[in-house]
Amino acid sequence: MPGLVRRPLVIWLLAALAVPVLLTAVLIPARAGTTEDDLRERTTAALKARGIETGGVDFDGRNARVTVPSGVDPAVVREVVTGVDGVRSVELVNGQAAGATPTPAPTSSSTPAQSDVPAFEVGRTDRSIRVQAPVRSQAVKDAIAAEVDQVLGEDREYDDRTTIDAANGLADASTVSALLRALAIGGGDASVRYDGETVTLSGQVPDQATKATIGRAAAAAVPGAVIADELALPAPPKTAVSEPCRTFPTRLAEFSRQYPINFLSGTSIVNDASKPSVVKAAAVLKSCTTVRVEVAGHTDDLGSPATSLPLSERRAAALKAELVRLGVSANRILAHGYGEAFPIASNATGAGRIANRRAEIRVVQGN
């Protein structure tokens, strides 16, 4: 009896797993066929719009195979088909007499190999866009000119240095069109040059994103070529230093000599004679709000080193708190205690000990 219960359960589980598999097998070919039919219709329509009639338009996924009618420039056919949205690659075949097997056209490669790309240069200045390259036909020359018209802008001229070389020229405009669009971003001089082995990028670009865009376009134009990226980014603007900030270190040092800040013995309380100095110190610090400073606390030698260090730290913290209360940003002030390690007078006299019970304000190095 247990076996009779389990067997139907297993059968139902297998059926549940099989249904998605069968649906996938049915739907994927249908979707692929729909995509191919759509690409075929739009590609045929695009060719007819250019006056090209051909019954040989086929698709394998998004990869096109197009028969080039007799007397039609293959470069023009390639340009039209690659411009159809969704087409991944294009293979061209020569048209033959009825019943004959088509043969690949000379320009059938969807992406030119590095050795098939002749030397070229695409550049821009603030006043012009320059293209210097051999092309295989007038159609390719015109296609490049049309691309330039779209990216020129009102203030630039087209410096056309393209020449027709039916044997060795560029087969279509795609090699330079991406470079034209990338170089059109920003101002200043920039260029892309290919010498048969190395693509050299030089000149100025406005930002890192444009630099990366031009680099990717150059690598796609000549697959396998060495990319020498010499594009320069603009130098960061220098921040103008105000007169109060330029003279701040000198003024602070002079303040410290003229207006000492001293404390009552054994405490972190500023003595009465030094209270005006604290107010003046806050005014000096607020005259330049970008410079960071250190408040350094010190003691005389009446206490032990074990008590002197924490006392000096409390003095530094107390002066920082008072400066903040008077309007100085706390983020600008570091407070450190140094105990009795750095006296500025003899601890053998009362006046010397008063001088050593102090806090000093100095510019933090590295501002």
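Coordinates for the structure precede this section.
What you see is a predicted model; the values in this text were computed from it and never measured.

Let us now look at the overall build of the protein. For the protein, the helix and strand inventory stands at 10 helices and 16 strands. Counting all 367 residues of the protein, 36% fall into the buried class. For the protein, contacts bridging at least 24 residues in sequence account for 68% of all contacts bridging at least 6. Summed over all atoms, the accessible surface of the protein reaches about 20,200 Å², with 57% contributed by carbon and sulfur.

Glancing now at the environment of L233. Within the secondary structure, L233 is located in the loop between β12 (226–232) and α6 (243–246). Other than its neighbours up to four places away in sequence, L233 contacts Q204, V205, D207, Q208 and K211.

Among the structural elements, N356 can be located in helix α10 (residues 350–356). Of note is the side chain of N356, whose polar atom sits 2.9 Å from the backbone oxygen of A345. Not counting residues within four places of it along the chain, the set of residues in contact with N356 comprises H298, T299, D300, P343, I344, A345, S346 and N347.

For a regular strand, the rule is simple: side chains alternate between the two faces of the sheet. Among the five residues of strand β6 (residues 128–132), four are classified as buried, and the element is accordingly described as predominantly covered. Sheet topology note: the strand β5 (residues 120–124)/β6 ladder contains four bridges and is antiparallel. Directly across from G123, in β6, lies its bridge partner R130. Relative to strand β8 (residues 157–160), β6 runs parallel, the two being bridged by four bridges. Its bridge partner lying in β8, I129 is registered against Y158.

Moving on: the sheet that holds strand β10 (residues 190–194). Pairing in this open sheet of six strands is mixed, and the strands run β8-β6-β5-β10-β11-β12 from one edge to the other. With partners counted over all chains shown, the strands left at the sheet margins are β8 and β12, one partner each. Adjacent strand axes in the sheet meet at a mean angle of 5° when their direction is disregarded. In terms of strand pairing, strand β11 (residues 198–204) meets β12 through seven bridges, oriented parallel. Across the sheet, residue V199 finds its bridge partner in β12, namely I227. On top of the sheet, helix α4 (residues 174–183) reaches β5, β6 and β10; it is set at about 20° to β5, its chief contact. Contacting β10, β11 and β12, helix α5 (residues 208–221) crosses the sheet at an angle of about 155° to β12.

Cysteine pairs can be covalently joined through their sulfur atoms, and such a bond is termed a disulfide. What the rule picks out here adds up to one disulfide. Residue pairing for C245: its cysteine sulfur links by disulfide to C288, the two sulfurs lying 2.0 Å apart. In this structure the cystine formed by C245 and C288 twists about its S-S bond by roughly 105°; its chirality is therefore right-handed. With C245 in helix α6 and C288 in the loop between α8 (275–286) and β14 (293–297), the pair connects residues that are 43 residues apart, well separated along the chain. For the pair shown, C245 and C288 are each scored as buried.

Criteria and cut-off values
Residues numbered from 1 in each chain as written. Predicted model: local features only at pLDDT ≥ 70, side-chain atom pairs only at ≥ 80, totals over all residues. Heavy atoms only, no water. Helix = DSSP H or I, 4+ residues; strand = E, 2+ residues; numbered from the N terminus. Buried < 20%, exposed > 50% of the residue type's maximum accessible area, 1.4 Å probe, protein only. Contact = heavy atoms within 4.5 Å. Areas by Shrake-Rupley, 256 points an atom, 1.4 Å probe, with all protein chains shown as cover. Polar contact = N/O pair within 3.5 Å; in protein donor to acceptor, adjacent residues only side chain to side chain. Pairing = 2+ DSSP bridges. Axes fitted to C-alpha atoms, helices over the stretch in contact; angles between N-to-C directions. Disulfide = S-S within 2.5 Å.

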